[in-house]
Amino acid sequence: PWDRFEKLQGVLRSAALEAWKEHTDPRDPASCHWLKKFVISVTEEELCHGALWARPEDSRTRVLVLARSFEGGVPPGDEKAAKFMDMRGSGPDEDAQELLRQQKAMCQPDRSWSIPWAPSKGVDPSDTRHAAYLQEFCAAFEDASVTSLNEALADEVRPDEVVEEAERHLRFASVRAGKFHRSPTAARVLEVLDAYLTSTYHEAQQNKAHCAEGKSGSGKTYVMSMLAARAAEVSAARNGVCVVRFLGTTAASSKSSLLLASLILQLARAYDRGNVEIPAEFNPLVDLFKEAVTAWPTDEKPLVLILDSVDQLDDSDAGRALQWLPVKDLPPCVRIVISTLPDYDDVEGRRGFKCYSTLRRMLEQDESCFAHVTDIEDPKDVVLHLLRLQGRTITEEQMQAILDAFDRRGPQDIAGTPLYLTLVAHSAALWDSEEEPPNIPTSVRALIVEFFGRLAKLRGDKLVRKALASITLCKDGISEVELAHVLSLDDGVLAEAYKWWAPPVRVVPCIVVTRLLNDLRPYLASRGSGSALGWYHRQFWEAAEDWLFARGEELRENVHAELAAFFEGKHHGAPKAYSEALSAKVNKFFPGETEGDRLVPPQPLVLSGDVLARRTAGAQ
């Protein structure tokens, strides 16, 4: 109840002021003291971060203050008073009013207006003075916003695609290396691969690529992330070049032709080859790539190339056949390390792949070239490490339940892997200390499905199913902004989101999408220019397919159709009629409203002149 909130707020504020007596002025606008969290409003905190604590040069160009006041103030007894000021009971909240006056004094307004109070309305658009104020306010906001955006665009540095692609993969490696737990299993694999990297470049039997192999979820990518960090050290010490790609995590690393072009351009920069022309045909592209890898490096400037998850390539240009990859007769100054899953057969319409057996054949069955990532041998240490990363701990009884589930796994389960324990740890972090440990599934698929079910209960079934379907079916991923637009086109999602309140525009509230993506963030990876998101792990994609579409293909077909309509721009500028369920929610607040513009942006194929909108073109 609201009265309890006010009492609790007062107690916390008094305790904070007592605890930090030495901080004599909590209203100092320049102060960043933690005390301020207890004495200022959320609005003032946003103002502090956006304006008061900004650098002066940023404040001048990024902060706009428009102030409106009522002549004689807000009449406390008016029926609309609570819409314009904080109330306590039937009267104004004097504490809040004083804080507001102090907050206003902290900012010099760029433009201000003073208008009379309209009885029972506050602001009345039919009043000539109020109408003039509203027009001037909107014009001032629009002019300042457009000017600021144009200035930002003029100062914008055009992105260097070669640098940005390399940076994305290094950042990906850095994040995962920071979470790495050096288990005995991982240590053995790293020892083998590190010996290959650090061996003298003219040692015998080092002219072949090396490969890390392990089942899905075994932690290969974490091992390769640590290896990438080690390779960077080795390359720096030898004045060499280190190139890293985590395949499938960006659009340019998901197709073999785009991958090779990206690698060639980075190697051309590293070896001062000038402007290299990328062949349009695949076979000449492969020839140029092999030349770049084998002919450009030298003893004075050696090369380490790390390619994680070659199984993540699609099958265009026979990418997973790996004939584009030089793995034998490498020059002494080149080291190549790759990773892959074991072979997968075609199952239930999912095309399999044989990357592992292909690599064994290409490497002449030389077992010394392979390091195998096996099941975890120290599950308790790994779980404790994962819980520490979340700032959590669990009871001995709860830990024993996890270890028992780990021991119950069957030979076909991948429950002995870091992915399994990661999912269990994320779930266990939500347990109360007094909570009886639940029945923990022994398969990764069951854990993921259980996670999806929890999300559906927490965030809304329609929201979660539509969002997961969009993430799963968009081949190059979907951005947070695009996802918000797609969800806004779904009347079922809006009706669910408008359970307690309907906003003035027919879009899904931003916080709804942000909260859901924050829940999913550990399992998503960039798929496009950096903003498009897709499943990071194959297991999530397969589990989502099963959970969403097991009962039939209707949802898949509907989402495909809606995504196509969105990327074709069919809903831009056109109001969309409400379903019966959405009408019932909206009409509580906006009687008689039967349709609404979902504010979907246009989706042009060409941005300006001959500049192609690559994101839209790729989606269409």
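Below, the structure is looked at part by part.

### Here we look at the overall build of the chain
No. 1: Per the secondary structure count, the chain includes 24 helices and 15 strands.
No. 2: In terms of overall dimensions, the chain has a C-alpha envelope of 90 × 65 × 60 Å along the principal axes.
No. 3: Out of the 620 residues belonging to the chain, those deemed buried represent 44%.
No. 4: Considering only residue pairs separated by 6 or more positions, the chain has 69% of its internal contacts joining residues 24 or more positions apart.
No. 5: Placing the 73 positive and 93 negative side-chain charges of the chain at their respective mean positions leaves the two points 1 Å apart.

### Re the sheet that holds strand 8 (residues 334-340)
No. 1: Taken in spatial order, the 5 strands line up as 6-7-8-5-9 in an open sheet, and their pairing is parallel. Each of the sheet's edge strands pairs with one partner strand only, and the pair in question is strand 6 (241-246) and strand 9 (370-373). Taken over all neighbouring pairs, the strand axes of this sheet differ in orientation by 10° on average, direction set aside.
No. 2: In this fold helix 8 (residues 184-198) packs onto strand 5 (210-214), strand 7 (303-308), strand 8 and strand 9, with an angle of close to 155° to the strand it touches most, strand 8.

### Quick notes on the pattern of salt bridges
No. 1: Tallied over the entire structure, the rule returns 34 salt bridges.
No. 2: The salt bridge involving Arg 101 is made with Glu 98; its shortest N-O contact spans 3.1 Å. With Arg 101 and Glu 98 both in helix 5 (residues 94-105), this residue pair falls 3 residues apart, about one helical turn.
No. 3: Taking the shortest distance from any N to any O, the salt bridge between Glu 377 and Arg 188 comes out at 2.4 Å. With Glu 377 in the loop between strand 9 and helix 13 (379-389) and Arg 188 in helix 8, this residue pair connects regions lying 189 residues apart in the sequence.
No. 4: With relative accessibility at 42%, the residue Arg 188 sits in the partly exposed group.
No. 5: Because the salt bridges share partners, they merge into one network encompassing Lys 208, Lys 328, Glu 364 and Asp 366.

### Here's the deal with the pairing of strand 7
No. 1: The element strand 7 is largely enclosed, with a buried count of 6 among its 6 residues.
No. 2: What you see with strand 7 is no split at all: Leu 303, Leu 305 and Leu 307 on one side and Val 304, Ile 306 and Asp 308 on the other are buried throughout.
No. 3: Bridging between strand 6 and strand 7 involves 6 bridges; their strand directions are parallel. The residue bridging Arg 245 from the neighbouring strand is Leu 307, located in strand 7.
No. 4: Bridge count between strand 7 and strand 8: 5 bridges; the pairing is parallel.

### Quick word on empty space enclosed by the protein
A probe matching the size of a water molecule, rolled over the atoms, marks out where space remains unfilled.
No. 1: Under the criterion given, the structure shown has 1 cavity of 30 Å³ or more.
No. 2: Its volume calculated, the largest cavity comes out at about 40 Å³.
No. 3: Lining of the largest cavity is provided by Leu 423, His 426, Ser 427, Leu 447, Phe 451, Arg 454 and Tyr 523.
No. 4: Every element with two or more residues in the lining of the largest cavity is listed here: helix 15 (418-428) and helix 16 (444-459).

The rules behind each value
- Residues numbered from 1 in each chain as written.
- Predicted model: local features only at pLDDT ≥ 70, side-chain atom pairs only at ≥ 80, totals over all residues.
- Heavy atoms only, no water.
- Helix = DSSP H or I, 4+ residues; strand = E, 2+ residues; numbered from the N terminus.
- Buried < 20%, exposed > 50% of the residue type's maximum accessible area, 1.4 Å probe, protein only.
- Contact = heavy atoms within 4.5 Å.
- Lys, Arg positive; Asp, Glu negative; His and termini not counted.
- Charge placed at Lys NZ, Arg CZ, Asp CG, Glu CD.
- Pairing = 2+ DSSP bridges.
- Axes fitted to C-alpha atoms, helices over the stretch in contact; angles between N-to-C directions.
- Salt bridge = Lys/Arg side-chain N within 4 Å of Asp/Glu carboxyl O.
- 1 Å grid on protein atoms, 1.4 Å probe; cavity = no way out; pocket = protein on both sides within 12 Å on 5 of 7 lines; lining within 4 Å.
- Points joined across faces, edges and corners; volume = space filled by probe spheres on them.

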